[in-house]
Amino acid sequence: MDRMPHTVAADHPRVLGRRAFVRSLALGGAALALPTPLIAHPHAPSRRRDAAGRPLRIRGQVRAQGHGLGGVGVTDGLSVVDSAPDGSFELVTTAQRQFLSICMPSGFEIPRNPTGTARFYQPIRPNPEGVMDALFDLVPLRRSDERHAFLLLADIHLPLADVQTTDSQEMNYFHEETVPDLLQVLGQLGEVERFGVACGDTTHDHPELFPDYERAVSRLGIPFFQVVGNHDMDYEGLVDEASTATFS
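Residues numbered from 1 in each chain as written. Predicted model: local features only at pLDDT ≥ 70, side-chain atom pairs only at ≥ 80, totals over all residues. Heavy atoms only, no water.

Trainee: Help me get a handle on the overall build of the chain, residues and values and all.
Mentor: When helices and strands are tallied, the chain shows 5 helices and 11 strands. Buried residues in the chain amount to 33% of all 248 residues. Counting every atom, the chain has about 16,100 Å² of accessible surface; 54% of that belongs to carbon and sulfur. (Helix = DSSP H or I, 4+ residues; strand = E, 2+ residues; numbered from the N terminus. Buried < 20%, exposed > 50% of the residue type's maximum accessible area, 1.4 Å probe, protein only. Areas by Shrake-Rupley, 256 points an atom, 1.4 Å probe, with all protein chains shown as cover.)

Here it is in structure tokens:
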């Protein structure tokens, strides 16, 4: 078979000539060398520019029945420190971080908000000097949690119908059918520690309806953790903090 002339192959629309290849390689290398904020990414959130980035110092303690608990992870969602043997900890953060939370140690109850959701966190609210005191006071369990169980709620989507009112039929189904079913499951689990996880899309593009989810969680009587889903966000928010404001 005769070879295709080199000049024809180089000019063919599906074949990249050597000169074009070298030029594109150079441009690609220059782009990779740019600082990260200058490289556009379709899913990267806009960075909020404000004066909230000054350092804040948080000092606190993790304790139970008046005694410090060591080795408990404490985090602002970005950095993690372990509490000292006496339960004390110190973490440097910024006001851009919204919450301080702990990694729940075994052998202790998961604290709950009045709405039933798990309260393993507290808002970061420093004083005018940029210092905050924090206390996590835990309660020992009355039984072992070596054996435990949890409920997983996926894509509840409250409500799926008639989003203009909280009295939608789908909402009624959740409260009148799903919640009783979950209570029955909890009753069948026996004497084990229980908790729950809602893994996103709790609401259907209407995060203001989150209290209806909390009303159901409160009836279940176990602490529930929540993960934000793409249908739980404020779509008019242009940065992460704004898009998750209602959920937070």
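Trainee: Residue-level account of helix α3 (residues 169–188), with values.
Mentor: Helix length check: α3 (20 residues) gives 28 Å between terminal C-alpha atoms against 28 Å at 1.5 Å per residue, within 8%. When the local axis directions of α3 are compared, the greatest deviation, roughly 30°, occurs at Thr-178, which is followed within four positions by the proline Pro-180. Within α3, the full set of buried residues consists of Met-171, Asn-172, Phe-174, His-175, Val-179, Leu-182 and Leu-186. Where α3 is buried, its residues meet β9 (148–153), β10 (193–198) and α4 (210–220). Phi for Gly-190, located one or two positions after α3, is positive at around 80°. (Expected span 1.5 Å × (residues − 1). Bend = angle between axes of the 7 residues up to and from the residue. Contact = heavy atoms within 4.5 Å.)

Trainee: Please set out the packing of aromatic side chains residue by residue, giving values where relevant.
Mentor: If you walk through the whole model with that rule in mind, you get 7 aromatic pairs. The interplanar angle of 70° and the centroid separation of 5.8 Å between the aromatic rings of Phe-210 and Phe-247 together place this pair among those described as edge-to-face. Linking Phe-210 in helix α4 with Phe-247 in the segment after α5 (240–243), this pair joins segments that are 37 residues apart in sequence. On the basis of relative accessible area, Phe-210 is assigned to the buried category, the value being 13%. Each residue in the set Phe-99, Phe-120, Tyr-121, Phe-150, Phe-195 and Phe-225 is aromatic and connected to the rest through ring pairs, giving one cluster. The aromatic ring of Tyr-121 is capped on one face by Arg-119, whose charged end is 5.2 Å from the ring centroid. (Phe/Tyr/Trp six-rings, centres within 6.5 Å; stacked < 30°, edge-to-face > 60°. Lys NZ or Arg CZ within 6 Å of the ring centre and 35° of its normal.)

Trainee: Any chance you could break down the sheet that holds strand β7 (residues 121–123) for me, citing the residues and the numbers?
Mentor: What the 4 strands build is an open sheet, ordered β4-β3-β6-β7; its pairing is antiparallel. Because the sheet does not close on itself, it has two edges, and the strands there are β4 (80–82) and β7. Across the sheet, the mean angle separating the axes of adjacent strands is 20° when strand polarity is ignored. Note that strand β3 (residues 73–75) and strand β6 (residues 99–102) share 2 bridges and pair antiparallel. If you follow Val-74 over to β6, its bridge partner there is Ile-102. (Pairing = 2+ DSSP bridges. Axes fitted to C-alpha atoms, helices over the stretch in contact; angles between N-to-C directions.)

Trainee: Describe unusual backbone geometry, with residues and values.
Mentor: When glycine is set aside, most residues are seen to have a negative phi, and most peptide bonds are trans. The backbone of Gln-65 sits at a positive phi, close to 55°, despite the residue not being glycine. Among the structural elements, Gln-65 can be located in the loop between β1 (55–64) and β2 (67–68). Of note, His-157 is a non-glycine position whose phi angle comes to about 55°, a positive value. Mapped onto the secondary structure, His-157 falls in the loop between β9 and α3.

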